Amino acid sequence: MTLPSAASPAAASSARAPIIVVTDLRKRYGDLVAVDGVSFEVAEGEVFGILGPNGAGKTTTLEMIEGMRPIDEGGAVIDGVDVRRDSREVKRRIGIQLQASAFFDELTLIELLDLFGRLYGRAVEPMELLAEVELTDKAKSQVRTLSGGQKQRFSIASALVNQPRVLFLDEPTTGLDPQARRHLWALVRTLKDRGHTVVLTTHYMEEAEELCDRVAIMDGGRIIALDTPQVLIDQLVGRGFTKARVERLANLEDVFIDLTGHELREED
Amino acid sequence: MATNLGLWWALFAASVKMFVRNRVALFFSLFLPLIIMLIFGVLNFEGSTTISLGIVDEAGNDASSALIEQLAEYEYLEISEGERESELQELEDGDRGFVLVIPSDYEPGVPPGDTGLVAYASTSDPSQAQVGQGLLQQAVAGAMVAAFPGSIPDTPNVTGAPVTFESVESRDLGYIDFLVPGIVGMTVMQLGLFGVAFGFVQLKRTGALRRLFATPTSPAYFLSAQVASRLVLGYVQVAILIGIGIWFGLQMFGSWLVLAVIVGLALLIFLAVGFAVAGWAKNEDQAAPVANLISLPMLFLSGVFFPRDAMPEFLRGITQYMPLTYVNEALRGVMNDGAGLIDLGPQLLGMGIWAVITFVIAVRLFKWE
């Protein structure tokens, strides 16, 4: 590594060329300001988390960047392409997993991946994609037969058909059991290792800590904090924060995983 | 362009697969009409024993009106009067069993063998015609006796039959011939309103449609592939229904091409209605009452199962402008009467206007989310 020495990892990652540049993004629905001047940059190969309570504007922000929702004010440039100018070109370069991962229920996984490939004008190898998300045994099943975790993994496979440079995952682990969640974390790390840039939203702080190089915390349509999880924690402690109860060596989730194992369960 | 066509075909094939694999949609759009057709076919509403008798009164004297009056006493005769040409046309079209012509020189007192009464009989169903001829002969003889008591012997059958029969080439239309075009019209309506509206609203609600927005392909491709797939599926369904109808004795007197044009126009109307409902509604709960509100009145008032003639006058007046009424009339016109496109001008015009109206509404109301 020949990175220049830097004060924080955040500075280190932004030293690389940013693949996403978001500037002063705004969205308004009538009187409600959903997104109120959001700016951030994401470096190539980074896993970037957007955290925040419900209604904070996470999904709206994501959808504007993805070209799924018109931008009122501000802008977003992904991989050098301005979303407001050419949202279609942006969509060509990114992979999107929507919060509600619904597909055409009556089609099989192979048929769907093949179809999605065509929507990007690409020939895909459905079995390879399914192997990446460990769904080869379900290849000929219809989507409606999949469990929640399987649907989420399939959703990621469908987001990979165009070999995207940036992958957007909107609450990828919501509703999953601890095993399925860990399974998905492993998948995200694999994607990162392969050089994909990942932007994800989540409600689970341990997930953000586990996966994200940097996180932005949103509330009321604004980013109220943005740094690496470690720096944010250090800052809080620096302000004199102490936990009411001292952290134990393990928590209940560790107990749960220890007792029930890492092995993936499917509810089918 | 070639790749776009390939993509379109892939979307089309996917749309067809999605429909065929959706058992609920398949049941409501294909099996339900079939079951209804079988039930109504088995019940067979033509089981009545009345003879439809057209009378052409060329004499126009007391004798002839007395005869007609007496014939009207027979309950198994369903009498209508008219001009020779129009009545013979009705006979050819299968709407009359017999047409009895009372000659201009008809007088009371002529011996039964010399009445000059001629009855034209339909050739379509010889066995039934035989029975009908016997019944008619009896009725006329009886009516003569009753009309002019004493003028002729009481036993007309002995002295000779009063009516001479002539056969006329004609169609014999059964209930199945009436029913199948109605079922075809109903099926097309159901496909548009339920096959399209519900399937599409579901894609909207679950977010499957939104997933398409995440790709660089315009959703218009998907929409047009959906419309095309439903058009093709509609034709397949109509073909199956008519095929089974033919097996049950359905007759086709018109051109298949004209039928295809009518079915195509009908499909366009109801697909547009379906997409208007689907485009407007956010979920199935919103779509259901609207779809029912549109389809139920037409199901019962557009002459699907029973002729609209039986309806009260005011209701007939209102319901004659409903899209399914035009569709059913046009379908029966081509299948039962062998009508061509020009003969069906009024119906086609009505359908065309509805196609434009429904298309405009669909475009106006359509929302992707």
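Residues numbered from 1 in each chain as written. Chains lettered and ligands numbered in written order. Predicted model: local features only at pLDDT ≥ 70, side-chain atom pairs only at ≥ 80, totals over all residues.

1. Points about the nonpolar core
Residue and element names in this part refer to chain B.
Move 1: If you look at the biggest cluster of nonpolar residues, it comprises 136 residues, and the most contacted ones within it are Ala197 and Phe270.
Move 2: Counting residues per element, this core draws most heavily on helix α7 (residues 175–206), at 18 residues.
Move 3: Phe270 has contacts with Val188, Met189, Leu191, Gly192 and Leu193, leaving out every residue within four places of it along the chain.
Move 4: Judged by nonpolar contacts, the second largest core, of 25 residues, contains Leu77, Phe98, Ala141 and Ala143. (Core = buried A, V, L, I, M, F, W, Y, C linked by C-beta atoms within 7 Å. Buried ≥ 20, exposed ≤ 12 C-beta atoms within 10 Å, placed from the backbone. Helix = DSSP H or I, 4+ residues; strand = E, 2+ residues; numbered from the N terminus. Contact = placed C-beta atoms within 7 Å.)

2. Some remarks on the packing of α7 of chain B against helix α9 (residues 219–247) of chain B
Residue and element names in this part refer to chain B.
Move 1: Close contact between α7 and α9 brings their axes to 10 Å; oriented N to C, the two are set at 155°. The orientation of α7 with respect to α9, classified from their angle, is roughly antiparallel. Judged by the twist between their axes, the crossing of α7 over α9 is right-handed. Residues Ile176, Val180, Ile183, Val184, Thr187, Val188, Leu191, Gly195 and Val196 of α7 lie in contact with α9, whose contacting residues are Arg230, Gly234, Gln237, Val238, Leu241, Ile242 and Gly245.
Move 2: Taken together, the residues that form the contact of α7 with α9 break down as 10 nonpolar, five polar and one charged. (Axes fitted to C-alpha atoms, helices over the stretch in contact; angles between N-to-C directions. Parallel < 35°, antiparallel > 145°, perpendicular 65-115°, else oblique. Left-handed = near helix turned anticlockwise from the far one by under 90°. Nonpolar A, V, L, I, M, F, W, Y, C, P; charged D, E, K, R; others polar.)

3. A word on the environment of Arg153 of chain A
Residues and elements named next belong to chain A.
Move 1: The residue Arg153 is located in helix α6 (residues 148–159) in this model.
Move 2: When the C-alpha positions of Arg153 and Val81 are compared, they lie 28 Å apart, and in sequence the two are 72 residues distant.
Move 3: Beyond its immediate sequence surroundings of up to four residues, Arg153 is in contact with Val133, Glu134, Leu135, Leu184 and Leu187.

4. Some remarks on the sheet that holds strand β4 (residues 73–78) of chain A
Paired through backbone hydrogen bonds, the strands of a sheet run either parallel or antiparallel to each other.
Residue and element names in this part refer to chain A.
Move 1: The strand order β2-β1-β4-β5 describes an open sheet built from four strands, whose pairing is antiparallel. Each edge of the sheet is formed by a strand with only one pairing partner; in this case those strands are β2 (32–43) and β5 (81–82).
Move 2: Here β4 runs beside β5; their pairing, made up of two bridges, is antiparallel. Among the inter-strand pairings, Ile78 is bridged to a residue of β5, identified as Val81.
Move 3: Its contacts with the sheet put helix α2 (residues 58–66) on β1 (18–29), β2 and β4, and the angle it makes with β1 is roughly 120°. (Pairing = 2+ DSSP bridges.)

5. Some remarks on the pairing of strand β1 (residues 51–57) of chain B
Two faces belong to every sheet, and in a regular strand the side chains alternate between them.
Residues and elements named next belong to chain B.
Move 1: β1 sits mainly inside the fold: six of its seven residues count as buried.
Move 2: Across five bridges, β1 lies against strand β2 (residues 77–81) in parallel orientation. Bridged to Leu53 within β2 is Ile79.
Move 3: As for the winding sense of the linkage, the β-α-β connection from β1 through helix α3 (residues 62–71) to β2 is right-handed.
Move 4: When β1 meets strand β3 (residues 98–102), the two strands line up parallel, connected through five bridges. By the bridge assignment for β3, Gly54 is matched with Val99. (Right-handed = clockwise from strand over helix to strand, strands pointing away.)

6. Here's the deal with the interface of chain A and chain B
Move 1: Counting residues at the interface gives 20 residues for chain A, matched by 19 residues for chain B.
Move 2: Of all the elements in the fold, those that place two or more residues in the side of chain A that touches chain B are α3 (87–93) and α4 (109–119) of chain A.
Move 3: Per-element accounting of the side of chain A that touches chain B gives the leading share, five residues, to α4 of chain A.
Move 4: Split by residue class, the side of chain A that touches chain B holds 12 nonpolar, one polar and seven charged.

7. Quick look at the confidence of the model for chain A
Do not read the predicted coordinates in detail wherever pLDDT is low.
Move 1: Summarising the model, chain A shows a mean pLDDT of 84, and 92% of its residues fall at 70 or more.
Move 2: Below pLDDT 50 for its whole length, residues 1–14 of chain A participates in 20 contacts with residues either more than four positions away or in separate chains. (pLDDT = per-residue confidence, 0-100.)

8. Some details on unusual backbone geometry
Residues and elements named next belong to chain A.
Move 1: A positive phi is found at Asp24, a non-glycine position, where the angle reads about 50°.
Move 2: Tracing the backbone through its elements, the reader meets Asp24 in strand β1.
Move 3: Although it is not a glycine, Glu134 adopts a positive phi angle of roughly 55°.
Move 4: Along the chain, Glu134 turns up in the loop between α5 (126–132) and α6.

9. Topic: the packing of α7 of chain B against helix α13 (residues 323–337) of chain B
All names here are of chain B.
Move 1: With their axes 9 Å apart at the nearest point, α7 and α13 run at an angle of 140° to one another. Taken together, the axis directions place α7 and α13 in an arrangement best described as oblique. For α7 against α13, the interelement crossing comes out right-handed. Two secondary-structure elements touch here, α7 through Asp177, Pro181, Gly182, Val184, Gly185, Val188 and Met189 and α13 through Leu324, Val327, Asn328, Leu331, Arg332, Met335 and Asn336.
Move 2: Here the contact of α7 with α13 is built from residues that sort into eight nonpolar, four polar and two charged.

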